[in-house]
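For reference, the chains in residue letters:
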Amino acid sequence: MKTKTHLFIELWQEARTRFSDQLSKLTKEDLKKKLPPSVNSVGFLIRHIGDVELLFAKNVFGGNEVKVIAKTVIAQKDTGEWTDLLALREYVDHSFQTLKLIVEQQNDADWETTITTKEFGTKTKAEAFGRIISHTNHHAGQMAILVKYGS
């Protein structure tokens, strides 16, 4: 029988394919695409997903050793600097691996413990993990629309 942790990781990895499958098809030109009146580009959204995954590893799952400067969260808008496709792919690979490593350390009881953040209040770790899954998929959908219709 699989643990809760194993099942949650399987669920997250499958859901994250909505994002990760797009990464291999993107071009450097795609990174600058926007769809007015939105100010966020594809490149910004990729960096933002990585920033938030690292923040979750640190603040939700207690990864005190995780180093993150969440530039997209700090700026709260697209600064136009997210144009290096290789660097962005490496960043979100790092954020994925970092979050995965710390999630793998959770035991079944950990998922029922509560955490409190200013962004979404008090939730169990399981509920918070649902938040990162939906966050990534939300922005992956935005990316797909921007790539298809943006300029």
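Structure shown above.
Conventions and cut-offs
The residue count restarts for each chain, going from 1 along the sequence in the order it is written. In keeping with the model being predicted, local features are shown solely for residues with a pLDDT of at least 70 and side-chain atom pairs are shown and tallied solely at 80 or more, while totals for entire chains, interfaces and linings include all residues. Hydrogens and water are ignored here; the side-chain numbers use all heavy atoms of the structure. A 1.4 Å probe that fits but cannot get out identifies a cavity on a 1 Å grid over protein atoms alone, an open set with protein on both sides within 12 Å along at least five of seven lines counts as a pocket, and a residue lines either if it has an atom within 4 Å of a point. Grid points are joined across faces, edges and corners, and a volume is the space filled by probe spheres set on the points. Helix and strand assignments follow DSSP, with helices taken as H or I runs no shorter than four residues and strands as E runs no shorter than two, numbered in order from the N terminus. As a working rule, the residues Ala, Val, Leu, Ile, Met, Phe, Trp, Tyr, Cys and Pro are called nonpolar, Asp, Glu, Lys and Arg charged, and the rest polar, with Gly in that last group. Geometry of aromatic contacts follows a simple scheme: Phe, Tyr and Trp rings, the Trp one being its six-membered ring, pair when their centres are within 6.5 Å, and the pair is stacked under 30 degrees between planes, edge-to-face over 60, tilted otherwise. For a ring to carry a charge above it, either NZ of a lysine or CZ of an arginine must fall within 6 Å of the ring centroid while also lying within 35 degrees of the normal to the ring plane. Nine residue types can take part in a nonpolar core, namely buried Ala, Val, Leu, Ile, Met, Phe, Trp, Tyr and Cys, and a core is a set of them joined through side-chain atoms within 4.5 Å. When a residue's accessible area, from a 1.4 Å probe over protein chains only, is under 20% of the maximum for its type it is buried; when over 50% it is exposed; and in between it is partly exposed. What makes two residues a contact is simply this: any of their non-hydrogen atoms within 4.5 Å. Each pair of strands is called paired provided DSSP finds at least two bridges between the two strands. Salt bridge criterion: a side-chain nitrogen from Lys or Arg within 4 Å of a carboxyl oxygen from Asp or Glu.

As for the layout of surface pockets
Step number 1: For the largest pocket, the calculated volume is near 370 Å³.
Step number 2: Among the elements of the structure, helix 2 (42-60) and helix 5 (125-149) are those that each provide at least two residues to the lining of the largest pocket.
Step number 3: Broken down by element, the lining of the largest pocket gets its largest block of residues, six residues, from helix 2.
Step number 4: The residue inventory of the lining of the largest pocket, partitioned by class, reads six nonpolar, four polar and three charged.

Some points on the packing of aromatic side chains
Step number 1: Counted under the stated rule, the structure contains eight aromatic pairs.
Step number 2: Here the aromatic residues Phe 8, Trp 12, Phe 61, Phe 96, Trp 111 and Phe 129 are joined through ring pairs into a cluster of three or more.
Step number 3: Just above the ring of Tyr 91 sits the side chain of Arg 47; from NZ or CZ to the centre is 3.9 Å.

Looking at the nonpolar core
Step number 1: With 22 residues, the main nonpolar core has Phe 56, Val 60, Phe 61, Leu 99, Val 103, Phe 129 and Ile 132 as its most contacted residues.
Step number 2: Of all the elements in the fold, those that place two or more residues in this core are helix 1 (4-23), helix 2, helix 4 (85-104) and helix 5.
Step number 3: In this view, Phe 56 contacts Phe 61, Leu 99, Phe 120, Ala 128, Arg 131 and Ile 132; residues no more than four positions away in its chain are not counted.

Overview of the pairing of strand 2 (residues 121-124)
Step number 1: The pairing of strand 1 (residues 114-117) with strand 2 spans four bridges and is antiparallel. For Ile 115, the partnering residue across the bridge sits in strand 2 and is Lys 123.
Step number 2: Here strand 1 folds back onto strand 2 in antiparallel fashion, the turn holding three residues.

Let's talk about the pattern of salt bridges
Step number 1: Taken as a whole and judged by the stated rule, the model has six salt bridges.
Step number 2: Glu 10 is the salt-bridge partner of Lys 2, the closest N and O atoms lying 2.8 Å from each other.
Step number 3: A salt bridge links Lys 100 to Glu 104; the shortest N-O distance between them is 2.7 Å. Remark: Glu 104 and Lys 100 occur in helix 4; sequence separation between them is four residues, near one turn of the helix.
Step number 4: Judged by its relative accessible area of 39%, Glu 104 is partly exposed.

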